[in-house]
Structures are given as structure tokens and as C-alpha cells.
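Chain by chain, the residues run as shown.
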Amino acid sequence: MTTQTRTARTARIRTLAVTALATTGAAAAALTLTSTSAQAAETKQSAPVVRTAPAGDVQDTQQTGKGYANNLDGWIKQSLAIMKAKGIPGSYEGLHRNIMRESGGNPNAENGWDINAQKGTPSKGLLQVIQPTFSAYHVAGTAHDLTNPVANITAAANYAADRYGSIDNVNSAY
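Cut-off values and rules
- Residues numbered from 1 in each chain as written.
- Predicted model: local features only at pLDDT ≥ 70, side-chain atom pairs only at ≥ 80, totals over all residues.
- Heavy atoms only, no water.
- Salt bridge = Lys/Arg side-chain N within 4 Å of Asp/Glu carboxyl O.
- Helix = DSSP H or I, 4+ residues; strand = E, 2+ residues; numbered from the N terminus.
- Buried < 20%, exposed > 50% of the residue type's maximum accessible area, 1.4 Å probe, protein only.
- Phe/Tyr/Trp six-rings, centres within 6.5 Å; stacked < 30°, edge-to-face > 60°.
- Axes fitted to C-alpha atoms, helices over the stretch in contact; angles between N-to-C directions.
- Parallel < 35°, antiparallel > 145°, perpendicular 65-115°, else oblique.
- Left-handed = near helix turned anticlockwise from the far one by under 90°.
- Contact = heavy atoms within 4.5 Å.
- Nonpolar A, V, L, I, M, F, W, Y, C, P; charged D, E, K, R; others polar.
- Core = buried A, V, L, I, M, F, W, Y, C linked by side-chain atoms within 4.5 Å.

Engineer: Just to check I follow, could you spell out the pattern of salt bridges for this structure?
Structural biologist: Side chains carrying opposite charge are able to pair once their charged atoms draw close together. Counted according to the given criterion, the structure contains two salt bridges. Aspartate 73 serves as the salt-bridge partner of lysine 77, at 3.1 Å between the closest nitrogen and oxygen. Of the two residues, lysine 77 and aspartate 73 both sit in helix H3 (residues 72-86), four residues apart, roughly one turn of that helix. For lysine 77, a relative accessible area of 37% translates into the label partly exposed. One salt bridge connects glutamate 102 with arginine 101, and the closest N-O pair in it is separated by 3.3 Å. When its relative accessible area of 35% is taken as the criterion, arginine 101 is described as partly exposed.

Engineer: Can you walk me through the packing of aromatic side chains in this structure?
Structural biologist: How two aromatic rings sit relative to each other is set out by the distance from centre to centre and by the angle between their planes. A complete count under the given rule lists one aromatic pair for this structure. For the ring pair tyrosine 137 and tyrosine 159, a centre distance of 5.3 Å and an interplane angle of 80° mean the geometry is edge-to-face. Here tyrosine 159 lies in helix H7 (residues 149-164) and tyrosine 137 lies in helix H6 (residues 131-137), a separation of 22 residues in the sequence. Pair check on accessibility: tyrosine 137 and tyrosine 159 agree, each one buried.

Engineer: Would you mind showing me how to read the packing of H3 against H7 here?
Structural biologist: To characterise two packed helices, one gives the angle between the axes of the helices and the distance between these axes. Direction vectors running N to C along H3 and H7 enclose 50°, while the axes themselves pass 9 Å from each other. Classed by the angle they form, the pair H3 and H7 counts as oblique. The element H3 and its partner H7 pack so that their crossing is right-handed. Judged by residue contacts, Trp75, Ile76, Gln78, Ser79, Ile82 and Met83 of H3 engage Pro149, Val150, Ile153, Thr154 and Ala157 from H7. The residue inventory of the contact of H3 with H7, partitioned by class, reads eight nonpolar, three polar and no charged.

Engineer: Would you take a moment to explain the nonpolar core for this structure?
Structural biologist: As a rule of thumb, soluble globular proteins bury nonpolar side chains together. Ile76, Leu95, Ile99, Leu127 and Ile153 are the most contacted members of the largest nonpolar core, which totals 27 residues. Taken together, the elements giving at least two residues each to this core come down to H3, helix H4 (92-102) and H7. The biggest single contributor to this core is H7, with eight residues. Dropping the residues within four chain positions of it, isoleucine 99 is found in contact with Leu72, Ile76, Gly104, Gly105, Leu126, Leu127 and Ile153.

So, to be careful, I would describe these as geometric facts and stop short of saying anything about function.
Here is the structure:
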């Protein structure tokens, strides 16, 4: 193969690679930027107000919330409504990003290998919360069940608000 042919082939490969990266980046950016105006409004919250369940709180409702789908989208939207009512900051995008990283959207996910699991308190649920954290940051009006999707999301967002200012500020395991 001649040097000229090799140079032309290398240039073609580089062009294809750059085109592929640009296309992938544009698609990722489009997905990231496709929030609704309601979701955008929910991201504008004031300083975090951390809410924990009062001592002796026996309310164990799931707040079934008519109109919320029984899937990841519905759980996030229901959690956001509760968070808004309780003054807990966070956005759909922040919750979804962290859920997908932590559990892949599986409300029954359980981490059986990390240090928490080795100490007997495995991380569970959509946002991989341990029971002591869930208990401390449980939000009244949600189920007292660590793997309940809405309760798990809302407690984790409450914890993240206390520790990081918002779930939106969490970009790795927390």
C-alpha cells in the first residue's frame, strides 16, 4: 500500500470517527435537554429543608397518587410532587441519572458486596439506600419500606439535599 493510499484511508477513518462522535454527542445532548416546562420549574427550589419522620410516626401510606404510572417515570414524578410539598430540592433529570447509575431502574436491586453489605446493612432499592439512612431521612407520607420505589427515591433525595444540597449535585455513589 502506498503512503498516499494509507494517508487517504487514515483521513477517511478520522472523518468517520469524528462524525460518529458528533452524532452520539448530539443525541446525548438532545436526551439531556428534553425536560418539560413542569420539570424545569421543579429544579428551581430554594435552600434545602430536610424533613425527617417525627418520632412515633406510624403513617404508612404510599400516597398512591392518582395519575402516576406504576413505573420508573411515575415513581419519579410522584416523588417529585412529595419533594416539592416538603421543600426537598431535586429534578427529574437528577433523580433519573442517579437511579440509572445506582440500580438501573430496578426497585428490588440489592448490593450484596460493598462495605455496607459486609457490615450487614446492604444498600437496597432504586437509589441504593441503607436502612439506617432510610430511617433517618424517611419522608412522612411515604411507605415505611426501604424498597418501596417512591419512599426510596424521596428518602434518598432528602438525604442528598442534607448532604450535598440536592440530588442534582450527586454524580457518583453517595
